[in-house]
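Here is how the chains run, residue by residue.
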Amino acid sequence: MCKQLKWKKVAYAFALSLFMLVFSFSGAHTAQSYTERVYVSGYGELTVIDPAVPKVVASIKVKGPVRDVSFTEDGRTALLLANGRTTLYMIDTIQNKVMEEINLIGRTDKGMLDRRVWGSAISPDGLKAYAFVTQGEKQTNRFKALPSKIIEIDLKTKEVVRDIEAPYGIHSLQFKKNDPNTLFVWGYDLYTLHTETWKLEKKEEIKNRKDERQGSTNILLLFPRGENTKFNSFPTVTTYPDGRVAEGIGWANLETGAFKIKDFDKEPVGMFSAIIDDQEKYGYVIMNHWYKVNLKNGHVIKDTKPPTGTIYGINMSTDSKKIYLGGGGNDFIVADTDLNVEKIIKTPTDGMDIKVKAIKN
């Protein structure tokens, strides 16, 4: 009986160990299902950073300042704008190299078609790109202004296949989460472009409110967010009918389109970019001040100075446990969610913005 009991204990211990081993391998597989990378919009390059170290792992060379970095759903392809707002670059994020260049300046029967991009996005499947362009025709002795448009580009042929007139002032395009046929189009107000019906519709009044009591809100949305979360977030400045001016944070749910603004309980100081956590509990904004904000009531919980002077870009790690800062200089900064700096490294060039993407392995 003792021997039987002893062997049962041994068998049980072995089975338990085997189970834990399998479980640990399963957990490791889940933890390693993606690779997190940070992308800094540099001058003449897209700088790639491994934030876990942190260290610069690649410098992808392009012409001029980098803007408008967007990603396919799996993160394995990126699209960026550079070369004086005239050229879109497709980037292989696994090999960290330029795959294709798409120059949007071309010829017409009467001269040169000059297009400048002020917002772009790649489709989730990587087959198409969308860009808001201002454009004109350079003729022999005059420049003829043409209507601003959103254009659709086939990324295989590099040809513009469709276009639609769009309001002046658009500066950001991004796809709705889990809906490859709907683009959020950010300008003075929020629009949606339905790619199946090819219709542009106003979704949310931001600057041009019908209810004057809500005030008129300007948003600074040079740097759209939401690559690893379901929220796009940005600084706001609202002017109310009584003359009061309030600075705050705005955000949109990229799954539902729900839009919110929360004014801060501080006088305006000027902010450049913003991020919120995945629970919609706290917001973080940056420029010459660095705030942590309660999104429920707009209370600024912490107000501190950025660690290296003026900073343009703020973003959050994939797991929402770290804050990344960059742009406005050549520093990349890792901090915790209470604004305590943990690490600072140098990047090859000054930057404008930082994007965070989980690349599927």
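Here, the structure is the one placed above.
Residues numbered from 1 in each chain as written. Predicted model: local features only at pLDDT ≥ 70, side-chain atom pairs only at ≥ 80, totals over all residues. Heavy atoms only, no water.

**Observations regarding the overall build of the chain**
Rules: Helical segments are the DSSP runs of H or I of at least four residues, strand segments are the runs of E of at least two, and each set is numbered from the N terminus. Burial classification: accessible surface area is computed with a 1.4 Å probe over protein chains only, and a residue below 20% of its type maximum counts as buried, one above 50% as exposed, and the rest as partly exposed. We treat Lys and Arg as the positive residues and Asp and Glu as the negative residues; His and chain ends play no part in the count. To locate a charge, the coordinates of NZ of Lys, CZ of Arg, CG of Asp or CD of Glu are taken.
Assigned secondary structure in the chain consists of one helix and 28 strands. Structurally, the chain occupies a C-alpha span of about 105 × 55 × 40 Å along its principal axes. Relative to its full complement of 361 residues, the chain shows a buried share of 49%. The distance from the centre of the 51 positive side-chain charges to the centre of the 44 negative ones in the chain is 5 Å.

**A short note on empty space enclosed by the protein**
In plain terms, the rule: Whether a set of points on the 1 Å grid over the protein atoms alone is a cavity depends on a 1.4 Å probe fitting there but being unable to get out, while an open set qualifies as a pocket with protein on both sides within 12 Å along at least five of seven lines; lining residues are those with an atom within 4 Å of a point. Grid points are joined across faces, edges and corners, and a volume is the space filled by probe spheres set on the points. As a working rule, the residues Ala, Val, Leu, Ile, Met, Phe, Trp, Tyr, Cys and Pro are called nonpolar, Asp, Glu, Lys and Arg charged, and the rest polar, with Gly in that last group.
A complete count under the given rule lists one cavity of 30 Å³ or more for this structure. Estimated volume of the largest cavity: approximately 50 Å³. Every residue along the wall of the largest cavity is listed here: Gly226, Glu227, Asn228, Thr229, Ile275, Asn315, Met316 and Val356. Partitioned by chemical class, the residues of the lining of the largest cavity number three nonpolar, four polar and one charged.

**Considering the pattern of salt bridges**
Our working definition: Any Lys or Arg side-chain nitrogen found within 4 Å of a carboxyl oxygen on Asp or Glu counts as a salt bridge.
Tallying each qualifying case throughout the model produces 17 salt bridges. One salt bridge connects Arg37 with Asp50, and the closest N-O pair in it is separated by 3.6 Å. The burial state of Arg37 is the same as that of Asp50; both residues are buried. Salt-bridge contacts for Arg213 lead to Asp211; the nearest nitrogen and oxygen are separated by 3.1 Å. Residue classification places Arg213 among the exposed residues on the basis of a relative accessible area of 68%. Here the salt bridges share partners, and the residues they tie into one network are Asp114, Arg116 and Lys138.

**Thoughts on the sheet that holds strand 23 (residues 300–304)**
In any sheet, the strands associate via hydrogen bonds between backbone groups, in a parallel or an antiparallel arrangement. In plain terms, the rule: Strands were regarded as paired on the criterion that DSSP finds at least two bridges between them. Each axis is a line fitted through C-alpha atoms, and for a helix only the stretch in contact is used; angles between axes span 0 to 180 degrees, taken between their N-to-C directions.
Taken in spatial order, the four strands line up as 20-21-22-23 in an open sheet, and their pairing is antiparallel. Both edges of this open sheet fall to strand 20 (271–276) and strand 23, since each of them pairs with a single strand only. Mean inter-strand twist for the sheet, computed between neighbouring axes without regard to direction, equals 15°. Pairing geometry for strand 20 and strand 21 (residues 282–287), over five bridges, is antiparallel. Within strand 21, the position partnered with Ser273 by the bridge is Ile286.

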